[in-house]
Amino acid sequence: QVQLIESGGGLVQAGGSLRLSCAGSGRTFSTYAMGWFRQGPGKEREFVAAISRSGIITYYADSVKGRFTISRDNGKNTVYLQMNSLKAEDTAVYYCAVGQTTEWHTLKPSAYDYWGQGTQVTVSS
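Remember, predicted model here, so these are calculated numbers, not experimental data. (Residues numbered from 1 in each chain as written. Predicted model: local features only at pLDDT ≥ 70, side-chain atom pairs only at ≥ 80, totals over all residues. Heavy atoms only, no water.)

## As for the packing of aromatic side chains
- Inspection of the entire model under this criterion finds 5 aromatic pairs.
- An aromatic cluster is built from Phe 37, Phe 47, Tyr 95, Tyr 112 and Trp 115, whose rings are joined through pairwise contacts.
- Over the ring of Tyr 95 we find Arg 45, and its NZ or CZ is 3.9 Å from the ring centre.
- Geometry around Trp 115 places Arg 45 over its ring, the cationic atom sitting 4.7 Å from the centre. (Phe/Tyr/Trp six-rings, centres within 6.5 Å; stacked < 30°, edge-to-face > 60°. Lys NZ or Arg CZ within 6 Å of the ring centre and 35° of its normal.)

## Here's the deal with the layout of surface pockets
- The space that makes up the largest pocket amounts to roughly 150 Å³.
- For the lining of the largest pocket, the residue count by class is 3 nonpolar, 8 polar and 1 charged. (1 Å grid on protein atoms, 1.4 Å probe; cavity = no way out; pocket = protein on both sides within 12 Å on 5 of 7 lines; lining within 4 Å. Points joined across faces, edges and corners; volume = space filled by probe spheres on them. Nonpolar A, V, L, I, M, F, W, Y, C, P; charged D, E, K, R; others polar.)

## Structural notes on the pattern of salt bridges
- Under the defined criterion, the tally for this structure stands at 4 salt bridges.
- Asp 62 is the salt-bridge partner of Lys 65, the closest N and O atoms lying 3.2 Å from each other. In this pair, the class of Lys 65 matches that of Asp 62, namely exposed.
- Its salt-bridge partner being Arg 67, residue Asp 90 comes within 2.8 Å of it at the nearest N-O pair. One end of the pair, Asp 90, is in the loop between strand E8 (78–83) and strand E9 (92–99); the other, Arg 67, is in the loop between strand E6 (58–60) and strand E7 (68–73), with 23 residues separating them in the sequence. By the burial criterion, Asp 90 is buried, and Arg 67 matches it.
- One network of salt bridges, with partners in common, ties together Arg 38, Glu 46, Arg 67 and Asp 90. (Salt bridge = Lys/Arg side-chain N within 4 Å of Asp/Glu carboxyl O. Buried < 20%, exposed > 50% of the residue type's maximum accessible area, 1.4 Å probe, protein only. Helix = DSSP H or I, 4+ residues; strand = E, 2+ residues; numbered from the N terminus.)

## Remarks on the pairing of strand E4 (residues 33–39)
- A large share of E4 lies buried, amounting to 6 of its 7 residues.
- Relative to strand E5 (residues 46–51), E4 runs antiparallel, the two being bridged by 5 bridges. Bridge assignment links Trp 36 to a residue of E5, and that residue is Ala 49.
- The hairpin formed by E4 and E5 contains 6 residues between the paired strands, and Gly 42 there has a positive phi angle of roughly 70°. (Pairing = 2+ DSSP bridges.)

## Description of the sheet that holds E7
- Taking strand neighbours across the sheet as the criterion, the 4 strands line up as E1-E3-E8-E7 in an open arrangement whose pairing is antiparallel. Edge strands, defined here as strands with exactly one partner in the open sheet, are strand E1 (4–7) and E7. Looking at each pair of strands side by side, their axes are set apart by 15° on average, direction ignored.
- Here E1 runs beside strand E3 (residues 18–24); their pairing, made up of 4 bridges, is antiparallel. The residue bridging Ile 5 from the neighbouring strand is Ala 23, located in E3. (Axes fitted to C-alpha atoms, helices over the stretch in contact; angles between N-to-C directions.)

Spelled out as structure tokens, the structure:
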């Protein structure tokens, strides 16, 4: 069982920045790939970014590429999402999730096993 706690969300003006954090429990954190997803009002949950166990491999949704950066610190059991140049359409609840199997490469929410409670990001235009 893995527990994840997101933090760092809030209200920001368009063009601003936020950094989300996701703290995980357990000594096996470094053995999991991690992903960030988001769900906007009336929308389905969608992929944002993912990172391999070592941090060497990263993936990004086209909509955030060049603006968001995913990283991890396995010593702190934490994964981060640095979000720059935020837009109103980035408004959503952001979730981190654990990818235990090689299916994490598919970047589908169904391939991720444990989820945090989410943190709200609101971008005002």
